[in-house]
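Listed below, chain by chain, are the residues.
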Amino acid sequence: MTRVIPISVVTDTICPWCYIGKKRLETAMTNFKQRPGNSDVEFEISYEPYQLSPDSSKEGVNKIEAYEKKMGKDRVEKMIPYMKQVGQSVGIQFSYGGLIGNTFDSHRLVRYAGLQSQSVQNDIVNKLYRAYFEEEKNIADVDLLVEIGVSSGLDATQLRDLFASESLVKETQNALGKVKSKGITGVPHFTIGETVEVSGGQEPQVFEAYFDSILPQK
């Protein structure tokens, strides 16, 4: 009999610690399943939206300039080498060129992917992170979102119809509101087993300890 650990992840697709946290979570899941007696454990991952900059434009603005406006030049100059170092430790090559734009449509894509399957949704989340953080692409661009969706097996025509319509707009807005109503004010945020709340890009062993605490017994 399979023992299932559900995990709900609140994330924004331009949040660096969300990318790091996802990598660490994946390491924790792999380590946990490799433990003696845990081969029957399965994880069910779902994603909920959060927007760090809900008022930003689709066209996007220079990433570094946006960071400096928000955090100050001195803080950004210290942040970049630190984030690159942390990123490399989990296999991320952070790059800080390109544009930062509104993430609402990227969340619509993630939600649409989740209607297809957990694996497609997970694949698309990975590709959105990689496109923004490592390839210096603007994930507010609809053409890029369609390209990412198609690369994960979704239909190009259906995706263009999605972004040309109001499809999943209300659902995504409601999901954003639900997250806010829970008092979540920062990401990443993980709900493990429906009861354990974890904030931030924790180390793998932290996640593993929580898995132990809620794992159903055989």
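Residue positions are given per chain, counting from 1 as you read along its sequence in written order. In keeping with the predicted nature of the model, local features appear solely for residues at pLDDT of at least 70, side-chain atom pairs appear and are counted solely at 80 or more, and the whole-chain, interface and lining totals rest on all residues. Here the side-chain values reflect all heavy atoms present in the structure, with hydrogen atoms and water set aside.

Looking at an unreviewed UniProt entry, the protein chain carries the name DSBA-like thioredoxin domain-containing protein, with the source organism given as Chytriomyces confervae.

K.L.:
I'd like to hear about the pairing of strand β5 (residues 189–192), residue by residue, with values.
P.N.:
Side chains H189 and T191 project from β5 onto one buried face, and the interleaved F190 and I192 project onto a second face that is buried too. Where strand β1 (residues 3–11) and β5 come together, four bridges link them in antiparallel fashion. By the bridge assignment, S8 is partnered in β5 with T191. When DSSP finds at least two bridges between two strands, those strands are taken to pair. Counting from the N terminus, the helices are the DSSP runs of H or I reaching at least four residues and the strands are the DSSP runs of E reaching at least two. Note: β5 against strand β6 (residues 196–199), four bridges, orientation antiparallel. Note on β6: the bridge partner recorded for T191 is E197. Adjacent in sequence and paired antiparallel, β5 and β6 are bridged by three residues, among which G193 carries a positive phi angle near 65°. Under the scheme applied here, a residue whose accessible area is under 20% of the maximum for its type counts as buried, over 50% as exposed, and between as partly exposed, the area being computed with a 1.4 Å probe on protein chains only.

K.L.:
So what's going on with unusual backbone geometry? Which residues, and what values?
P.N.:
The omega torsion of the bond from V187 to P188 falls at 5°, within 30 degrees of zero and hence cis. Position of P188 among the secondary structure elements: in the loop between α8 (169–181) and β5. At E194, a residue that is not glycine, the phi angle is positive and equals roughly 70°. Along the polypeptide, E194 turns up in the loop between β5 and β6.

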